[in-house]
Amino acid sequence: MKYYSTNKKAPLASLHEAVVKGLAPDKGLYMPEQIKKLPQDFFDNIENMSFQEIAYRVADCFFGEDVDAESLKKIVYDTLAFDVPAVKVEENIYSLELFHGPTLAFKDVGARFMARLLQYFVKKEGLNKINVLVATSGDTGSAVANGFLGVDGIHVYVLYPKGKVSKIQESQFTTLGNNITALEVDGVFDDCQALVKNAFMDEELNQHMKLTSANSINVARFLPQAFYYFYAYAQLKKLGVTDKIVVCVPSGNFGNICAGIFGYFTGLPIHRFIAANNANDIFFKYLQTGKYEPKPSRQTLANAMDVGDPSNFARIYDLFGGDHSKITALISGATYSDEQIRETMKQCYASTGYILDPHGTCGYRALKEGLRPGETGIFLETAHPAKFKEKVDDIINDNVKIPERLAAFMKGTKQSIAMPNDFAQFKAYLMKE
Ligand SMILES: *Cc1c(COP(=O)(O)O)cnc(C)c1O
């Protein structure tokens, strides 16, 4: 399969090139030239298959031309070493719990898949060590660090703003050691991102070491997220629901929902999608007006969705040939203030006993408000509420239990390197590595 850039000014790339480069040279996002249809008999029997079996069929549809069957199967099975259950919250509303992986958020799936695919290419092509640079405000760093932990031939540098991430989040990428280095930058998230961007553009540094990124613009990170949309369908089908399924996705950079839409184009019978936003309503506004107007991001309770210029919008736009009416026919939107998030989390807990995290709360509310007669809704619960324990406890006035694997991180010893917010010093550090 060849990959083209959404900006259409870069040469076609192989999967290997698209994964190692991340962003295309014309700053566009890579897209597969074609989305194959999955056969009807796959959907006819999907409810009798395991998550891993389903995911392998989907992976084969996307990546089968470029990765041999045995290796691809192993990558998929290793990636999905945890369940993604669909849990009934109330009549017609289900939660797809994506927080049963190592760092308790959905990014585990994409990060683990990308790590294993990159390792496959490193081995196959006998490449030198690859270095992944990732700037994080919290969740991305932990998913990427844990996804790549112990993967031979790859070293990860996580840049995070000193004092700006929660203790729980920090423990998830500073206690790992091994092939993971945490750099504590004396600055804010945007400074970390700027250091990473400068590193990718520095010729001397790129001659010294092979650098790549691991954010959701990477094909190998966003596309595997399609797997669990199929498994959600399979679980609902098993419960007797097959008609008019609405999937609601709490969205920030729009990588997650974009993967679901790729699933839809392979033939997955989803009736429609809802993109739930927090107060960062750029996509919501686009749906209303047809105009895409990026804005600086605003801080909210659902902070992993605080994105003012969602990068994967370019992919959605491209998939529909920029046709606003086609986009609004399949996807609708919702936007919620922090006050509404609080109110809804409280209401859901009081009436159902289900504890939502701030991101999933937006998804739940958008279904409650947006489901039409005859539809069944499932929202993606993108993180475990314990990751936001202080906020959630305060809102529901109860005590969220911390799962064992989260508590385990907090017992580890912090290992990080202090880094001034200065590119020359960051570069000098990497040149010595
Ligand atoms: C990253 C993240 C999101 C947003 O996902 P996108 O793919 O960027 O739209 C939502 N919820 C949580 C908990 C996240 O970590």
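Residues numbered from 1 in each chain as written. Predicted model: local features only at pLDDT ≥ 70, side-chain atom pairs only at ≥ 80, totals over all residues. Heavy atoms only, no water.

Draft legend 1. Spatial organisation of the pairing of strand β6 (residues 154–161). Counting buried positions along β6 gives eight out of eight residues, so the element sits mostly inside the fold. In terms of strand pairing, strand β5 (residues 130–135) meets β6 through six bridges, oriented parallel. For alanine 135, the partnering residue across the bridge sits in β6 and is leucine 159. Note that β6 and strand β7 (residues 180–185) share six bridges and pair parallel. Bridging across to β7, proline 161 finds its partner in valine 185. Since β6 and β7 lie parallel, the crossover through helix α7 (residues 167–174) that links them has a hand, and here it is right-handed. (Buried < 20%, exposed > 50% of the residue type's maximum accessible area, 1.4 Å probe, protein only. Helix = DSSP H or I, 4+ residues; strand = E, 2+ residues; numbered from the N terminus. Pairing = 2+ DSSP bridges. Right-handed = clockwise from strand over helix to strand, strands pointing away.)

Draft legend 2. Geometry of the sheet that holds strand β3 (residues 86–90). The sheet built from six strands is open, its strands ordered β3-β4-β12-β9-β10-β11 with mixed pairing. In the strand order of this sheet, the two ends are held by β3 and β11 (331–335), each with one partner. Geometrically, the sheet is characterised by an average inter-axis angle of 25° between neighbouring strands, direction not taken into account. Looking at chain direction, strand β4 (residues 93–97) and strand β12 (residues 376–381) are connected through five bridges and run parallel. Bridge pairing in β12 places glutamate 97 opposite glutamate 381. Contacting β3, β4, β9 (245–250), β10 (272–277), β11 and β12, helix α17 (residues 358–370) crosses the sheet at an angle of about 170° to β12. (Axes fitted to C-alpha atoms, helices over the stretch in contact; angles between N-to-C directions. Contact = heavy atoms within 4.5 Å.)

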